[in-house]
Structure formats: structure tokens, C-alpha cells
There are 2 protein chains.
Amino acid sequence: MTTMDAPAIEYLIRDIVPPSEAWRQKARLHLDTLTKPIGSLGRLEDLAAQMAAIRQEKFAEPVSKAVYVFAADHGITVEGVSAYPREVTHQMVLNFLAEGAAINVLARLHNVALRVVDVGVDADLHDAPGLLHHKVRVGTRNMLHEAAMSEEEVREATAVGVKIGDDAAAAGYALVAIGEMGIGNTTAASAITCALTGASATLATGSGTGIQPGVHAHKTRIVEAVVARHFGSAAGSSPLEILRCVGGLEIAAMAGMVLAAARHRLAIIVDGFISTAAAALAVAMEPKVHGYLIAGHRSEEPGHTLLLNHLKLAPVLTLAMRLGEGTGAVLAMPIVESAICLYTQMATFSSAGVSEASQ
Amino acid sequence: MTTMDAPAIEYLIRDIVPPSEAWRQKARLHLDTLTKPIGSLGRLEDLAAQMAAIRQEKFAEPVSKAVYVFAADHGITVEGVSAYPREVTHQMVLNFLAEGAAINVLARLHNVALRVVDVGVDADLHDAPGLLHHKVRVGTRNMLHEAAMSEEEVREATAVGVKIGDDAAAAGYALVAIGEMGIGNTTAASAITCALTGASATLATGSGTGIQPGVHAHKTRIVEAVVARHFGSAAGSSPLEILRCVGGLEIAAMAGMVLAAARHRLAIIVDGFISTAAAALAVAMEPKVHGYLIAGHRSEEPGHTLLLNHLKLAPVLTLAMRLGEGTGAVLAMPIVESAICLYTQMATFSSAGVSEASQ
């Protein structure tokens, strides 16, 4: 695996330009010529204009789509914060490769290429066929007692995502989604949310995969202790420092993927709580990536709404989901693709001979 | 065209049974064996269980889908309630047939068969190829001064929808959507909303295709006068009477289609304000149809939310749309289809060898 050092991340960030406002404006004007009342496609018009601003070219159709699922384990699981045992990360990776998980079904149905990336699963997966092998270490350390990662590990895991983003661009995808699998990673996402937004552990901690109220109270206390240990009362830690202390290997990789996607002018659909935490860290590293983000859905995790508000992103879908794996992001893809096709394929008032509004 | 008399409508309604609660329960149990935290697919699990309750059989895949767009004109347009001239109904029907409208793009992208039905367009369309010809009359009468239809016309227009629903079932579609085109029809839908829910014209009247504030105030006064003329202060008019006084030919047809779909155990995805008004009338005729309805989206029209609340339906999408044509319903189809495929295709905990939750 290629690793990437800190100067390289700096270089990457320097290369990012925001989506083109001139193209967004041009797209808005075109949308107003199409045979529909002005603005009547609502959010779809915003999405079409955003995609035009990002791509700055004619769209190739069908839109080429991919979802990347980053998997890793978390040292915090020894504290009993999840309803599921740690080995489920490994088992679900095998389920992805066997095409049996929710993300497989959705990717298949919506014609989305699915790639699963091992950034840090605590199991020997070196002979698992079809898996992208980029293990940095077998799970993070227990952030209740020490930093989850070393600086070097943060860089390596981020570089994994950068490489994947480069590969996605080279493969010609126009729309990429990120998702994750990692037992314990809502605990990490909650700690990141506290560090980034200043929210309390109580507000930022949810029920994850579905823990009972007693376990939820315990998990909240763990998040509180983790945040107090690493950040004290002082806000303003750098995104790389937040990743080192309370991040996850898959979260660092997703942050790197967001940076690379933005550099390559790829629209990136963010899934739920954990991938949005990664996107928020990427935005903290370089605010110019913001315009490349599409929030696929609003998950049931309370911390997700805190992050969406922090990022000022309105989700495409709100379906009371809390599964991860990129499922909410892939479900939003047919909506985003619809926006693109409406933009490129609808008749205009003049071409169709339809009378315009009198006002 | 076959017409249908009142006893036949009575017969049709007698034939409707609600979706199977036993199948819904069975589906819930199956969903809980799939490799995901219990309940984590949120609304998709509700939709899968509803579809199982409706179909009561193994699903054939790919799910066979169709959208029916009912077009008709409205006598009320002479009162200046719309931003667009009346001939746009006719022009947009030609745009549908030429594949240039928003609904064409969405139906094509999502593999949904599209049928356009002339129930009452004020234009000679008899040689328009591909159109389903069921014109009852060239638009309704001006409901500000007289009933929009005769009793006989209501029956005929409803029978058009019943026939279309019968044909959809015979064609083997598992999922059908309804939409409409008719300049002036948000005014009719507002009057229906007032009659059905008791809401004031102020609450039930929106901006339709995008009228200016002054026209909106005028439209609101027209709705108020129409409701006062036909229903006075007395609530409790029958749905057929509401249709006769303030309905539309396309609205009557959509109500008939909902009844027929329920009789054939077809799930029916309702679009926006006007088609939901039709569905609400069908529910008023026979409450057992309720379980067959899926609200595709929540439109920007304020009256639509009144009707969704009245029907206790939670929309699948909320995308600030207000176009009609069935666009919101067809956009919801990939979500509903996703729910079905997750239900039928996901691995179980035991088949995939994944550990279950500890609680």
C-alpha cells in the first residue's frame, strides 16, 4: 500500500477548487426553460444545478455510480458500547463479499458498483476475494485510555481513502457514495461530533445498532469520558488531532476519500452519522470540499442531525434508517440521477410548443 | 367506452378487502431475521411489510411498474386562477406523447410504463397516437356558477379509472402510480379538501403552478365562494356529490382507479395534491382502500399536507416539488422497489453466519 505523508495531504488540499458558481447559474437558467412551472421540481433542481457546478461539462448517461464501504474495528468495543459483538465487523465484510447484505441488494438494484475496503478489520482477511486490502492495523486502540491511532496511522488511513478516491475518478464514476461497517463506530462518531460542534455527549450519543436504554446511558458516559480525556474543556482541536484521539481507521479513510473526490470534481453522497462525521472532518481540513457533498439521508442517530446542521446540509431522504453500509447514500442515488436526467432530457417550452406562464 | 352505473360502483366497493394483517405480521418476522439491526431499515421495513400484506405472495422481480396520467380541463379556468392558459393541458398531453415532459424522463429512467389518459381535455385529440381515449366531455363546467359535472358524467369518469385499473391488473403490474395534468385542477383539489376536511379556503389554497400573491388571494376567494355555493355551512356531503359539484374529470377517474387497484390488490402510489384528493374521495367511498395507498411525496401545496394528515399517510419523499404529472409518485418507486428487494434478497443471520445482538 502506498502511504502518504503530511506534506502530501497539504498538497492535496491546495489543489481543491469549489464547484463553479458560473455553471450553477447557467444550469438554473436552463432549468427555467424546461416544460414545467419555474422551480416546481424543488430539490431536484438544486441537485441538478449542483451537479452541473461540479461536473462543468455535459453529463454522460447513464450516470456511472459507485459506493465504497470502508470497514474497520474499534478498540472502544471492549467497553460494551454496542449491541453486537466485535466479530460482526468481520462477519459483515464476508456478507458483503457474498452479496447478502442490504448494501449489496441496493447497489445491484440501482446499478451501483460496490467496493469493500478493509482499512482495519480485526481479522485475517488477506485471502478474501474481491476485498480491497488496505489494512492499516487491526482496529483502533481503546480511546477511553489512549489515543485511538498514532499520527502515522491517521495519515496512512487517510491516504487509503485518497487512493480510493483517485481510483474512483480514474474509473470514470460521476457519482460516488461512501459508507462504512465497524462495530463501535457510532461511539467514535459521537466523540467526533462533540469535538467538532461542542455538543454534549448527551446530545451526540444515540442508540447505534439498537442498544437498550441502560446500555445507552453507559455509552453516553463513555463518550463523555472520552471527550473529557482528549479535549478537556478546550475546543478547537485540529481535524487530524480529532482523528488521532477519537477517530476510526474507516473514518480517516472516508475523510481522505472526500478530499480526493473534491479534487477530482466528483460529487460525493454521504450516508449516515459516521460517514457524515468523516465528511465534517474533511470540511474542517478544507472548507472548499463542501460544495461536492450531498447528504443522502437523515439517519435516526441524533448526532447525525447535529452534524448535518453543522455542515448546513439538507438530506435528500428521511426514512428513519440507521443501518450504515452506505445504504442511505445509495438510496439517494436514483433521486440524484433523476435530477441529472430531468436536466439533460426534458423538452423546453419552445421545442415542445407549450405556452409559458402569463406572469 | 364502457360506462358504469351507480349499482356497479356499489358492487365494486363490496368486493374490496383490506390488505392481510397476517401477511404483514409474517413479513415483520422475516425482516427481523435479515442481517441488519432490528428495525434499522426504518420506513423501508414498513413499505416491505405493506407490500407483503397487499400482494400475499412471493414477489416477481423485477417489480413491474406503471404510471397513469389522467388529463382533463376545468371550467373554473375562466376565473383566472392559474398562471398558465387553459390550452397548456392540451399542449402538455402532446409533450407527454412526444416524450419531452418530466414524467417521461422519470418513467424512462426508472423503468416505469407510462400511459396517458384523456378523460376530458378541451381539444380534439382523437388522432393523437399512444393516447388512451376516454374523453367524457371537453372539461368540466364552471363550478363557481354550477356543478362541475352531472351525476352521469361523474359515473362515466369514475368508470374510466375503474377500467384503467382493471387493465393495469390484467397487464400484471405490481405497483401503479397515478398522476394528472389539468390547468386549474389545484383549485378543484382545494375545494375538495375544504369539503372533505372542513378546512378553510385560506388553509387549503396554495400557489399551484406558481401564481403571484395577488392571484393567490383571488384564487382563495374563488375557492371560498365555490365551497359556500355548493356545501354552504353543512359538512358531510357524499364523495360522489363532492365530485359532481367541485371535482374534475381526471379526479373522478383517479378515484375510480384507486378503487379498482384495491379490488385487484395492487399497491397504488399517490402523487401530489390532486391525486391525493382523488385518493381521499376513494377512501371516503370505501375506507378499506386505505391500506393499498402509498403517499409518494409531500408536495409544496399546503392543501396536500391537510389531505395527508386527514388520510394519516406519511409521504415517502419530501423534495419541495409541486409539478404533478405523477412525478413525485414515480420518484418514490425506486424506494418502494428497494424495500421489496431488501425483503426478498437479503441474507439472514443464520444463512450468512453473522452473530446476533446480545440483547
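Structure: see above.
A brief report on the enclosed structure follows.

Definitions and limits used
- Residues numbered from 1 in each chain as written.
- Chains lettered and ligands numbered in written order.
- Predicted model: local features only at pLDDT ≥ 70, side-chain atom pairs only at ≥ 80, totals over all residues.
- Heavy atoms only, no water.
- Contact = heavy atoms within 4.5 Å.
- Salt bridge = Lys/Arg side-chain N within 4 Å of Asp/Glu carboxyl O.
- Polar contact = N/O pair within 3.5 Å; in protein donor to acceptor, adjacent residues only side chain to side chain.
- Helix = DSSP H or I, 4+ residues; strand = E, 2+ residues; numbered from the N terminus.
- Buried < 20%, exposed > 50% of the residue type's maximum accessible area, 1.4 Å probe, protein only.
- Expected span 1.5 Å × (residues − 1).

**Details of the interface of chain B and chain A**
Counting residues at the interface gives 59 residues for chain B and 59 residues for chain A. Our enumeration of links across chain B and chain A arrives at zero salt bridges. At the surface where chain B touches chain A, the tally comes to 16 residue pairs in polar contact (both at pLDDT 80 or more). Looking at the side of chain B that touches chain A, the elements that each hand over two or more residues are helix H3 (43-55), helix H4 (88-97), helix H5 (102-109), helix H14 (327-345) and helix H15 (349-352) of chain B. Sort the elements by how many residues they give to the side of chain B that touches chain A and H14 of chain B lands first, with eight residues.

**A few points about the environment of Arg229 of chain B**
Residue and element names in this part refer to chain B. If you trace the backbone, Arg229 turns up in helix H9 (residues 213-231). Along the chain, Arg229 and Gly80 lie 149 residues apart, while their C-alpha atoms are 19 Å from each other. In this structure Arg229 touches Met143, Leu144, His145 and Glu146, once residues within four positions along its chain are discounted.

**Comments concerning unusual backbone geometry**
Phi is mostly negative for residues that are not glycine, and the peptide bonds are mostly trans. All names here are of chain A. A positive phi angle is found at Gln56, which is not glycine, with a value near 50°. By the element assignment, Gln56 lies in the loop between helix H3 (43-55) and strand E1 (65-72). With relative accessibility at 26%, the residue Gln56 sits in the partly exposed group. Of note, the phi angle at Arg265 is positive, near 55°, even though the residue is not glycine. Structurally, Arg265 is set in the loop between helix H11 (249-263) and strand E5 (267-270).

**Points about helix H9 (residues 213-231) of chain A**
Residue and element names in this part refer to chain A. Counted at 1.5 Å a residue, the expected span for H9 with its 19 residues is 27 Å, and the 27 Å between its end C-alpha atoms agrees. At its buried positions, H9 is contacted by helix H7 (185-197), helix H8 (201-204) and helix H10 (239-246). The positive-phi residue at the C-terminal boundary of H9 is Gly232, with phi of around 55°.

Shape is all these values report; function is a separate question.
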